[in-house]
Amino acid sequence: MGAHQNERYAARAVFALAGGGDVVGMDDVIEARARSIRDQHYGAHITYSPKIFIPVTQLCRDVCHYCTFAKRPSQLSSPYLSVDEILDTVRQGAGAGCREVLLTLGEKPELRYRVAREWLAAEGYTSTVDYVAEIARRVLCETGLLPHINAGTLTRSELRQLRSVSASMGLMLESGAARLCERGGPHFGSPDKKPFRRWLTLARAGALRVPMTTGLLVGIGETREERLRDLQAIKRLHARYGHIQEVIIQNFCAKAGTRMADADDASLSELIWTIAQARTILPKEMSIQAPPNLSPGQLGQLIDAGINDWGGVSPVTPDYVNPEAPWPSLSALRAATADRSKNLMARLTVYPQYLEESGWMAKSVRRQALELADAEGFVRDDAWRAGLSELPPARNATLGSGRGGVAIRESLDACLREEPLEDSAMLALFTARGADVETVCEAADELRRRQIGDTVTYVINRNINYTNVCQYSCRFCAFSKGGGEVAAGRAAYDIDAGELHRRVKEAAALGATEVCLQGGIHPDYTGQTYLDILRTVKEAASAIHVHAFSPLEIDQGASTLNLPLEQYLSMLKDAGLDSLPGTAAEVLDERVRDILCADKVSAERWLEIMECAHGLGLSSTATIMFGHVDSPSSWVNHWQRVIRLQERTQGFTEVVPLPFVSEGAPIYRRGESRPGPTWRETRLMHAVLRLTVGRVIPNVQASWVKLGRRGALEMLAAGVNDLGGVLMNESITRAAGAAHGQMWIPKDIEQAIVDAGRSPVQRNTRYEPVASQAAGQLCSDAIKWVSHTPAGRYANPKYRSAI
């Protein structure tokens with residue numbers, strides 16, 4: 001539904017409420033519209049935030065007539081919780097899987113209570129806000145969890161102080177009706193509940209780009225018309241600043257011992273009506289939330305009304321604001337959500353759209369949020385790290401398998417018929433969760449069996465990275481001198497012709513059928529350099545397959561010789577080039593490339609070079625490096641472009657997903673990327689490629705240097721049919737911090753494949769079987785491991801000599 005329709009429905013509702021007539025069936029229409037908006041934008045997911053609730057202080061200068069959170073000093077053992085107490089609780093929550101630390105407190109207690117002033121002064125703090133800022137800083141630095149601060153109405157300077165140590169903040173509007181602050185109203189005697197003060201704080205937060213939560217408290221004496229006006233005002237404020245990430249619609253529950261103890265609870269019908277109105281009035285990107293602990297037994301009806309979020313739920317702390325209402329267990333919440341055909345999904349306190357764009361959080365806070373986030377900006381569901389983790393996470397046996405959701409089922413049926421998928425269907429597969437992940441992987445395994453059979457191939461090859469000197473500044477690269485190499489203590493190098501010749505000759509003698517040649521873009525290299533490299537290789541081993549030079553090197557070579565692309569590629573082919581690696585693709589999505597490698601060849605140029613190479617009979621691979629600043633939608637863009645090119649040229653021989661190894665990557669070390677993909681995302685990447693790309697590129701390879709050997713073998717059950725090469729000298733991934741070695745000897749690869757229940761086959765680069773005895777003979781002891789030659793300013797003809 002468009003913005004104008006939303007306005008029209010809201011206007012009709014206000015008209016009816018103001019006495020302009022009864023709109024028959026209007027509530028049902030609004031609820032249906034709310035569900036439709038929710039489902040179109042949020043799909044089958046209902047989110048929640050696993051949190052720890054910390055009541056920093058329960059002293060408050062306000063006297064809301066329904067509140068039991070605020071206490072008198074005589075009711076508390078200490079005016080404030082100590083930092084140590086708070087950190088102990090936070091660590092318990094971290095162990096239970098919590099990611100948010102909700103810091104809630106009474107408003108400005110030092111303005112009312114001397115004991116608060118004295119405690120703060122004794123501890124060295126100037127105000128409650130000053131103390132909360134220190135707590136948040138300690139939480140962030142010592143536990144890695146994300147503070148969400150509810151500190152009431154705040155000045156601009158206070159907001160700025162708290163913004164530096166929090167991922168998000170919250171301030172319930174409750175009601176914009178000023179009359180509720182008059183004598184006899186629930187907010188009488190509570191200066192901070194005056195609406196203009198709350199609106200002012202929300203506006204200040206918007207100006208400072210603070211992701212905010214706000215909301216309405218339904219049933220404290222306000223009217224429906226007043227609620228609608230508040231929702232419209234929230235909408236206008238968000239239109240100006242874009243900072244309201246969620247709106248809570250909370251039902252009033254009368255509490256014993258308060259002045260409103262005898263007031264009626266907000267009815268379910270009023271709550272549902274307000275939720276539906278909020279969903280239809282507010283922008284679709286703004287989450288609508290209702291606390292599940294305040295509506296036990298009625299959660300399905302809240303989902304039907306249009307919510308997409310349950311808010312924070314804690315496995316370790318109570319709801320101190322509503323202590324009489326315990327949180328539902330996660331299993332109960334998951335079951336209630338599933339009862340409405342929705343999936344429960346954990347999120348961070350900061351919503352994905354605010355994490356994706358820098359500027360919404362302090363850099364130190366965003367660094368930690370990225371550490372906890374998956375590719376969609378939700379909570380990472382495992383601790384696996386590409387290049388580092390020896391073992392993949394244990395499979396969740398409780399998820400089982402099955403036919404999956406409707407969207408997944410329809411997409412998989414099309415894939416098994418080898419039909420192309422639309423972008424939205426491919427996206428649904430990449431974002432599968434829970435039992436759907438197993439369903440996708442099982443379908444990929446079945447399609448692999450149909451397309452390839454039970455053989456698993458590998459190639460005996462040698463990687464030769466001839467230089468790590470590079471004039472580019474790719475922010476993910478830990479290999480090139482000037483990037484992560486400095487931090488890793490590795491020197492710049494540039495191997496000479498003699499060493500290149502020796503390595504190729506040695507590889508051929510050990511049974512290698514391929515050498516893979518890549519390096520940095522050395523400022524002294526020209527197109528002639530690459531031609532000379534090829535001649536050196538062919539003189540060392542004339543029959544060996546030369547798999548060399550990414551599109552970036554091809555582009556540099558052609559431009560430095562001022563030659564047309566096709567002519568230069570023809571020269572390389574004549575000099576001995578047989579195929580191209582698909583590296584330098586990273587992600588073929590310009591938004592991602594602008595962040596990762598803005599000065600590198602564009603996605604269009606990469607595709608152009610590959611198409612030209614294919615036209616000349618040079619095959620290539622297609623890769624993706626994923627798990628950094630990308631997203632599932634960028635993966636879809638990438639692979640749909642590869643599919644379209646393959647349908648024109650048939651030049652790609654294999655697809656190779658490359659999980660981002662973050663440990664030494666500059667962009668990660670600066671806190672500006674995620675720490676690589678999750679294991680779920682990695683499995684799905686391989687499986688979805690089999691399902692969607694396998695019909696045009698039948699070979700799907702697992703990179704054991706990224707995944708680990710056990711991880712690569714697990715991918716055999718997710719559509720993979722190839723384990724790549726034995727490598728003999730892999731150095732690029734090692735430079736990024738990977739610890740899985742630089743060689744997997746053939747006899748061990750073959751035994752691992754047999755142990756996985758599959759049949760090993762040695763292949764060449766063209767995926768033709770190779771009858772060779774080398775598989776049983778090659779071992780690491782046979783290789784001469786050498787140090788690289790220090791880099792210097794060499795003349796281009798260097799590769800013509802020393803042969």
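Remember, it's a predicted structure, so these values are computed and weren't measured experimentally.

Participant: In this structure, what is going on with the overall build of the protein? I would like to understand it.
Facilitator: Within the protein, the secondary structure is distributed over 31 helices and 18 strands. The contacts in the protein between residues at least 6 apart in sequence include a share of 78% that link residues at least 24 apart. Just so you have it, the protein exposes about 29900 Å², and 49% of that area is on carbon and sulfur atoms.

Participant: Teacher, can you tell me more about the sheet that holds strand S17 (residues 722-725) here?
Facilitator: In a beta sheet, neighbouring strands pair by backbone hydrogen bonds and run either parallel or antiparallel. Across the sheet, which stays open at both edges, the three strands sit in the order S17-S10-S18 with parallel pairing between neighbours. The two strands at the open ends of the sheet, each matched to only one other strand, are S17 and strand S18 (759-763). For this sheet the average axis-to-axis angle between neighbouring strands, irrespective of direction, equals 20 degrees.

Participant: Please explain unusual backbone geometry as it appears in this structure.
Facilitator: Excluding glycine, residues mostly have negative phi values, and the peptide bonds linking residues are mostly trans. The phi dihedral of Ala-584 falls on the positive side, at around 75 degrees, and the residue is not glycine. One non-glycine residue, Gln-650, adopts positive backbone phi at about 55 degrees. Inspection of the secondary structure assignment puts Gln-650 in the loop between helix H24 (632-649) and strand S16 (652-659).

Participant: In this structure, what is going on with the packing of helix H3 (residues 83-95) against helix H5 (residues 128-143)? I would like to understand it.
Facilitator: Describing two packed helices takes the angle between their axes plus the distance from one axis to the other. It is at 10 Å that the axes of H3 and H5 come closest, and there the two elements cross at 40 degrees. By the angle between their axes, H3 is oblique relative to H5. Considering how the two elements wind past one another, H3 and H5 form a crossing that is right-handed. Seen from H3, the contacting residues are Val-83, Asp-84, Ile-86, Leu-87, Val-90 and Arg-91; seen from H5, they are Tyr-131, Ile-135, Arg-138, Val-139, Glu-142 and Thr-143.

Participant: Looking at this structure, I do not really get the packing of aromatic side chains. What am I missing?
Facilitator: By convention here, two paired aromatic rings are described through the distance between centres and the angle between planes. Counted under the stated rule, the structure contains 16 aromatic pairs. Judged by centre distance (6.3 Å) and plane angle (10 degrees), the ring pair of Trp-606 and Phe-652 falls under stacked. On the criterion of sequence distance, the pair formed by Trp-606 in helix H23 (residues 603-615) and Phe-652 in strand S16 is long-range, its members being 46 residues apart. What makes Trp-606 buried here is its relative accessible area of 0%. Judged by centre distance (5.7 Å) and plane angle (70 degrees), the ring pair of Trp-704 and Trp-744 falls under edge-to-face. Here the residue Trp-704 occupies a position in helix H27 (residues 704-707), and Trp-744 occupies one in the loop between helix H29 (732-735) and helix H30 (746-755), the gap between them amounting to 40 residues. Of the residues examined, Trp-704 reaches a relative accessible area of 2% and is grouped as buried. On the basis of relative accessible area, Trp-744 is assigned to the buried category, the value being 3%. Through a chain of ring-to-ring contacts, the aromatic side chains of Tyr-80, Trp-119, Tyr-125 and Tyr-131 assemble into a single cluster. Directly above the aromatic system of Trp-360 lies the positively charged group of Arg-209, at a separation of 4.3 Å from the ring centroid. Taking NZ or CZ as reference, Arg-763 lies 4.0 Å from the ring centre of Tyr-767, over its face.

Participant: Please clarify how the pairing of strand S3 (residues 146-150) should be interpreted in this entry.
Facilitator: Two faces make up the sheet, and in a regular strand the side chains alternate between them. In terms of burial, S3 is a largely internal element, four of the five residues being buried. Examined bridge by bridge, strand S2 (residues 100-105) and S3 share five bridges and lie parallel to one another. Residue pairing for S3: Leu-102 is matched across the bridge by His-148. Crossover connection from S3 via helix H6 (residues 156-163) to parallel strand S4 (residues 168-170): handedness right-handed.

Participant: Just checking my understanding: could you explain the pattern of salt bridges for this structure?
Facilitator: Note on pairing: side chains with opposite charge can pair once their charged atoms come close. Following the criterion strictly, the structure yields 54 salt bridges and no others. Here Asp-532 makes a salt bridge to Arg-535, at a shortest N to O gap of 3.8 Å. Residue Asp-532 and its partner Arg-535 are both found in helix H19 (residues 527-540); the two are separated by three residues, about one turn of the helix.

Participant: Even after reading the chapter, I still don't get the confidence of the model for the protein, so can you show me in this structure?
Facilitator: Note that predicted coordinates carrying low pLDDT should not be read in detail. Of the residues in the protein, 89% reach a pLDDT of 70 or more, and the chain-wide mean stands at 91. Across residues 397-403 the pLDDT falls below 50, and counting only partners more than four positions away or on other chains, this stretch makes eleven contacts in the model. The low-confidence segment residues 482-488, where pLDDT is below 50, has 14 contacts with residues more than four positions distant or belonging to other chains.

Participant: Can you walk me through the environment of Phe-430 in this structure?
Facilitator: Within the element layout of this structure, Phe-430 appears in helix H15 (residues 423-430). Note on Phe-430: relative accessible area 1%, which makes it buried. Phe-430 sits 256 residues away from His-686 along the chain, and the two C-alpha atoms are 9.8 Å apart. Aside from chain neighbours lying at most four places away, what touches Phe-430 is Pro-632, Trp-635, Val-636, Trp-639, Arg-680, Leu-684, Met-685 and Val-688.

Participant: Explain the nonpolar core here, please?
Facilitator: In this structure, Val-440, Phe-549, Leu-572, Trp-639 and Leu-723 are the most contacted members of the largest nonpolar core, which totals 123 residues. In terms of nonpolar packing, the next biggest core, distinct from the first, is built from 102 residues, Ala-151, Leu-154, Ala-177 and Ala-266 among them.

Participant: Is there a simple way to think about the packing of H23 against H24 in this case?
Facilitator: Between H23 and H24, the shortest axis-to-axis distance is 10 Å and the interhelical angle comes to 20 degrees. Looking at the two axes, H23 sits roughly parallel to H24. Where H23 crosses over H24, the handedness of that crossing is right-handed. Contact residues: Ala-603, Glu-604, Leu-607, Met-610, Glu-611 and His-614 in H23; Arg-641, Leu-645, Arg-648 and Thr-649 in H24. Class assignment for the residues of the contact of H23 with H24 results in four nonpolar, two polar and four charged.

Participant: Which parts of the structure should I look at to understand H6?
Facilitator: Count 3.6 residues to each turn of an α-helix, and residues three or four apart come out pointing the same way. Where H6 is concerned, the buried positions are Glu-158, Leu-159, Leu-162 and Arg-163. Viewed along the axis of H6, the buried residues span an arc of 135 degrees, placing them on a single side of the element. Those residues of H6 that are buried lie in contact with H5, S3, S4 and helix H7 (195-207).

Definitions and limits used
Residues numbered from 1 in each chain as written. Predicted model: local features only at pLDDT ≥ 70, side-chain atom pairs only at ≥ 80, totals over all residues. Heavy atoms only, no water. Helix = DSSP H or I, 4+ residues; strand = E, 2+ residues; numbered from the N terminus. Contact = heavy atoms within 4.5 Å. Areas by Shrake-Rupley, 256 points an atom, 1.4 Å probe, with all protein chains shown as cover. Pairing = 2+ DSSP bridges. Axes fitted to C-alpha atoms, helices over the stretch in contact; angles between N-to-C directions. Parallel < 35°, antiparallel > 145°, perpendicular 65-115°, else oblique. Left-handed = near helix turned anticlockwise from the far one by under 90°. Phe/Tyr/Trp six-rings, centres within 6.5 Å; stacked < 30°, edge-to-face > 60°. Buried < 20%, exposed > 50% of the residue type's maximum accessible area, 1.4 Å probe, protein only. Lys NZ or Arg CZ within 6 Å of the ring centre and 35° of its normal. Right-handed = clockwise from strand over helix to strand, strands pointing away. Salt bridge = Lys/Arg side-chain N within 4 Å of Asp/Glu carboxyl O. pLDDT = per-residue confidence, 0-100. Core = buried A, V, L, I, M, F, W, Y, C linked by side-chain atoms within 4.5 Å. Nonpolar A, V, L, I, M, F, W, Y, C, P; charged D, E, K, R; others polar. Arc of directions from axis to C-beta.

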